[in-house]
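# A closer look at the structure
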Amino acid sequence: MDWNQFFFVVFPYISLALFVAVTIYRLVYRPFTQSSLSSQLLERKRLYWGSIPFHHGITWILLFHLLALLFPKAILVMNATPLRLYLLELSGFALGLWALVGVVVLIWRRLTTPYIKAVTSTMDIIVLLLTLVSVITGVLTASLYRFGSVWFTGVFTPYLWSVLLFQPRPELVEPLPWLIQLHLINNFIILAVFPFSRLVHILALPLDYLIRPWQLVIGMRDRKNS
Ligand code: HEM
C-alpha cells in the first residue's frame, strides 16, 4: 500500500469509523456530556473576540462546503455568471479570514490567560491547532488555486461521494497540490478526534426547534384580581 492509498482510501474510513462509532457510544452511554465546557465564567472579553468571528466565519463556510457536496449543479448554475462567482468567492474568502482571526484569538487566549491555561487540556490545544491548519490551508487554497467553488464540484464532490458509497476513487485527489491534500487529510483528522474532544458540542445544536410544533401558551390569569 502506498501513501496515496493510505491517506485517500484507508484513513478516511478509519476517521469515519471512529467518528460514527465513538459518537454513537458517547450519545448512548455518556448522555449529557456533549458540552463545549465553556470557560466564559473565567474570561469573557477575549472569548467574545475569538468565538464570535470564528463561529460566524466557519459556520457559513462549512455550509457552503455542504451545499457543494449535496447540490453541485446548483452551485455551478449559481457560478455561471462572473459577478456571482466573484461574489461567492469573495464572501468565502472574507469569511475564511474572519474565522482565522477568531481561531488565532482563541489560541492566544488559551495560552496567555492564566485561569484559562489552568483548565486547558492537551486535546483542547490539539483541536485548536487542527482547526488553525484547516482554516489556513482552506484560505490558501482559495487564494492560490482559484476558483475552488467551481472545481470542488468536479473533484471533491465525486471523491467524497465515492468514499461515502464505499467505492473510493483516490485517483481524483492524488494529482492535487500538496496544500489541498493537506486540507483534506487534516479535515479527516478533525473528524477522527471529533468525538474525543469538546467539538461534540456541535451535536447539542437544538435543530429540533426548527421543526417542532408550535408551543401554545394559554393565559389563565384572572385579570380582575391581578
Ligand atoms: C473533506 C472536507 C473538505 C474539503 C474537501 C474541503 C475543500 C475545500 C476547498 C476546495 C476550498 C476552496 C474553496 C474556494 O476556493 O472557494 C476550501 C476552503 C476552505 N475550507 Fe475546506 N474543505 C473541507 C472541510 C473543511 C473543514 C472541516 C473546515 C474547517 C474546520 C474547512 C475550512 C475551510 C476554510 C476556512 C476555507 C476558506 C474559504 C474561502 O476562503 O473561500 N474546510 N475547502
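About the thresholds
- Residues numbered from 1 in each chain as written.
- Predicted model: local features only at pLDDT ≥ 70, side-chain atom pairs only at ≥ 80, totals over all residues.
- Heavy atoms only, no water.
- pLDDT = per-residue confidence, 0-100.
- Helix = DSSP H or I, 4+ residues; strand = E, 2+ residues; numbered from the N terminus.
- Salt bridge = Lys/Arg side-chain N within 4 Å of Asp/Glu carboxyl O.
- Buried < 20%, exposed > 50% of the residue type's maximum accessible area, 1.4 Å probe, protein only.
- Phe/Tyr/Trp six-rings, centres within 6.5 Å; stacked < 30°, edge-to-face > 60°.
- Lys NZ or Arg CZ within 6 Å of the ring centre and 35° of its normal.
- Near = heavy atom within 4 Å.
- Polar contact = N/O pair within 3.5 Å; in protein donor to acceptor, adjacent residues only side chain to side chain.
- Nonpolar A, V, L, I, M, F, W, Y, C, P; charged D, E, K, R; others polar.
- Expected span 1.5 Å × (residues − 1).
- Bend = angle between axes of the 7 residues up to and from the residue.
- Contact = heavy atoms within 4.5 Å.

### A few points about the confidence of the model for the protein chain
Considering every residue of the protein chain, the mean pLDDT works out to 93; 98% of them sit at 70 or more. The secondary structure element of the protein chain with the lowest average pLDDT is helix α9 (residues 208-211), at 82, and the one with the highest is helix α8 (residues 178-193), at 98.

### Re the pattern of salt bridges
The tally for this structure, following the rule as stated, stands at four salt bridges. Here Arg-198 and Asp-124 are joined by a salt bridge, their closest N and O atoms 2.8 Å apart. Of this pair, Arg-198 sits in the loop between α8 and α9 while Asp-124 sits in helix α6 (residues 122-144); the two residues are 74 residues apart in sequence, bridging distant segments of the chain. Here Asp-124 falls in the buried class, since its relative accessible area comes to 9%.

### Comments concerning the packing of aromatic side chains
Under the counting rule described, the total for this entry stands at eleven aromatic pairs. Look at Trp-3 and Phe-7: their rings are 5.8 Å apart centre to centre, the planes differ by 20°, and that puts the pair in the stacked class. Placement of both Trp-3 and Phe-7 in helix α1 (residues 3-29) is noted, with a separation of four residues, approximately one turn of the helix. Judged by centre distance (5.2 Å) and plane angle (75°), the ring pair of Phe-6 and Phe-7 falls under edge-to-face. Phe-6 sits in the partly exposed class, given a relative accessible area of 27%. For Phe-7, a relative accessible area of 25% translates into the label partly exposed. In this structure, Arg-46 is placed above the aromatic ring of Trp-108, and the distance from its NZ or CZ to the ring centre is 4.1 Å.

### Thoughts on the site of the ligand
Around the ligand, the surrounding shell holds 21 residues, and the nearest of these are His-65, Glu-89, Gly-92, His-183 and Asn-187. Side-chain polar atom of His-65 to a nitrogen atom of the ligand: 2.8 Å apart, as the coordinates give it. For the ligand, a nitrogen atom lies 2.8 Å from a polar atom in the side chain of His-183. Contributions of two or more residues to the shell around the ligand are made by α2 (45-70), α4 (82-112), α6, α7 (148-164) and α8. Take the shell around the ligand: its biggest share by element is six residues, from α6. Of the residues belonging to the shell around the ligand, the class tally is eleven nonpolar, nine polar and one charged.

### Quick word on α8
For α8, with 16 residues, the first-to-last C-alpha span of 22 Å sits near the 22 Å given by 1.5 Å per residue. Taken together, the buried positions of α8 are occupied by Leu-179, Ile-180, Gln-181, His-183, Leu-184, Ile-185, Asn-186, Phe-188, Ile-190, Ala-192 and Val-193.

### Here we look at α7
At 3.6 residues per turn, the α-helix brings residues three or four places apart onto the same side. Along α7, the sharpest kink reaches roughly 35°, centred on Gly-154 and followed within four residues by the proline Pro-158. Among the residues of α7, Gly-148, Ser-149, Phe-152, Thr-153, Val-155, Phe-156, Thr-157, Tyr-159, Leu-160, Ser-162 and Val-163 are the ones counted as buried. Next to the buried residues of α7 lie α1, α2, α3 (72-78), α4 and α8. Downstream of α7 by a residue or two, Phe-166 has a phi angle that is positive, lying close to 60°.

### Overview of the environment of Glu-171
Tracing the backbone through its elements, the reader meets Glu-171 in the loop between α7 and α8. A relative accessible area of 45% places Glu-171 in the partly exposed class. Sequence separation between Glu-171 and Arg-44 is 127 residues; the distance between their C-alpha atoms is 47 Å.

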